[in-house]
Amino acid sequence: MNKDRDHIRYMFDAIAFRYDFVNRALSLRRDVAWRKAMVTALPEGRDLRVLDLATGTGDVTLAIRKARPCARVIGADVAREMLRLSQKKNAPSGSPGGGVVQADAAALCWRESAFDVVTVAFGVRNFTELDAGLREMHRVLRPGGTAIILEFSLPANGMLRAAYLLYFRHLLPRIAGLLSRQPDAYRYLNRSVEAFPYGQDFCDLLRAAGFENIAARPLTLGIATLYTGRKG
């Protein structure tokens, strides 16, 4: 039993019912724009096979299905309650060969080269085995396939970074705790973001996992970063 994975699962199951509302409120709906940037980064192709890891309530899978109606999109997550909400949210859109699967990113159930694209939005920092999770993403991609990862980061500008950390460490956990009624989950948020190897450090991890043509695009003054990489 992986205690860290179980803790993550229980925590996200507990906040699932308020997850979308809290995300929109705390980001001032910037999370919607960030996911649009992910969709823009999708490679060409009508019948893309897409795996969305740490899919949560299914915002990314829904955005992909709206942009690419013929894509076959599967959402995977360790949290059952998140998957239940994702399934409900995505059901009206339909998807050929789509659906949701409970799965750990470090040990995916799919065969090698099963997908054209693997996406992760604000979930890669929650991988309890980050290196293994990145290697699994690489394994299930076909040669030439693309990984698209959206994750929080910290602004490069010193003054902006200091102001952001003040909000992130002190105000955000209190506001989110009141909105979600789960303050511990949002105290975890700022700790996990600050500990995550973002920017060039994360690009180096992608390279070590086998990815090529790696790019990092800061969004909203560096509060989030969009990473892309290709399987050679």
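Residues numbered from 1 in each chain as written. Predicted model: local features only at pLDDT ≥ 70, side-chain atom pairs only at ≥ 80, totals over all residues. Heavy atoms only, no water.

Concerning the packing of aromatic side chains
(1) Moving on: Evaluation of the coordinates by the stated rule reveals 8 aromatic pairs.
(2) Moving on: Between the aromatic rings of Phe 152 and Phe 168, the centroid separation amounts to 6.4 Å while the plane-to-plane angle is 55°, which identifies the pairing as tilted. Here Phe 168 lies in helix 7 (residues 158-180) and Phe 152 lies in strand 5 (residues 141-152), a separation of 16 residues in the sequence. The same class applies to Phe 152 and to Phe 168, which are both buried. (Phe/Tyr/Trp six-rings, centres within 6.5 Å; stacked < 30°, edge-to-face > 60°. Helix = DSSP H or I, 4+ residues; strand = E, 2+ residues; numbered from the N terminus. Buried < 20%, exposed > 50% of the residue type's maximum accessible area, 1.4 Å probe, protein only.)

Considering the pattern of salt bridges
(1) Moving on: Within this structure, the stated rule accounts for 15 salt bridges.
(2) Moving on: The partner of Asp 31 in a salt bridge is Arg 35, with the nearest N and O atoms 2.9 Å apart. Placement of both Asp 31 and Arg 35 in helix 3 (residues 30-40) is noted, with a separation of 4 residues, approximately one turn of the helix.
(3) Moving on: Judged by its relative accessible area of 4%, Asp 31 is buried.
(4) Moving on: When its relative accessible area of 10% is taken as the criterion, Arg 35 is described as buried.
(5) Moving on: Put simply, Asp 59 and Lys 89 hold a salt bridge, and the shortest N to O gap is 2.6 Å. Of this pair, Asp 59 sits in helix 4 (residues 59-67) while Lys 89 sits in helix 5 (residues 80-90), placing them 30 residues apart in sequence. (Salt bridge = Lys/Arg side-chain N within 4 Å of Asp/Glu carboxyl O.)

As for the environment of Arg 174
(1) Moving on: Along the chain, Arg 174 turns up in helix 7.
(2) Moving on: Remark: the alpha-carbon pair of Arg 174 and Asp 184, spanning 10 residues in sequence, is separated by 9.8 Å.

Thoughts on empty space enclosed by the protein
Rolled over the atoms, a probe with the dimensions of a water molecule shows which regions are left empty.
(1) Moving on: Here the structure, examined in full by the defined rule, presents 1 cavity of 30 Å³ or more.
(2) Moving on: Considering only enclosed or pocket space, the largest cavity measures out at about 30 Å³ in volume.
(3) Moving on: Around the largest cavity sit Arg 35, Met 38, Val 39, Leu 42, Val 60, Ala 63, Ile 64 and Thr 119, which together line it.
(4) Moving on: Elements supplying a minimum of two residues to the lining of the largest cavity: helix 3 and helix 4.
(5) Moving on: Here the lining of the largest cavity is built from residues that sort into 6 nonpolar, 1 polar and 1 charged. (1 Å grid on protein atoms, 1.4 Å probe; cavity = no way out; pocket = protein on both sides within 12 Å on 5 of 7 lines; lining within 4 Å. Points joined across faces, edges and corners; volume = space filled by probe spheres on them. Nonpolar A, V, L, I, M, F, W, Y, C, P; charged D, E, K, R; others polar.)

A word on the packing of helix 2 (residues 19-27) against helix 7
(1) Moving on: Two numbers describe how helix 2 lies on helix 7: the axes approach to 10 Å, and their chain directions differ by 145°. Here helix 2 runs over helix 7; the crossing is right-handed. Of helix 7, the residues touching helix 2 (which contributes Phe 21, Val 22, Ala 25 and Leu 26) are Tyr 167, Leu 172, Ile 175, Ala 176, Leu 179 and Ser 180.
(2) Moving on: Here the contact of helix 2 with helix 7 is built from residues that sort into 9 nonpolar, 1 polar and no charged. (Axes fitted to C-alpha atoms, helices over the stretch in contact; angles between N-to-C directions. Left-handed = near helix turned anticlockwise from the far one by under 90°. Contact = heavy atoms within 4.5 Å.)

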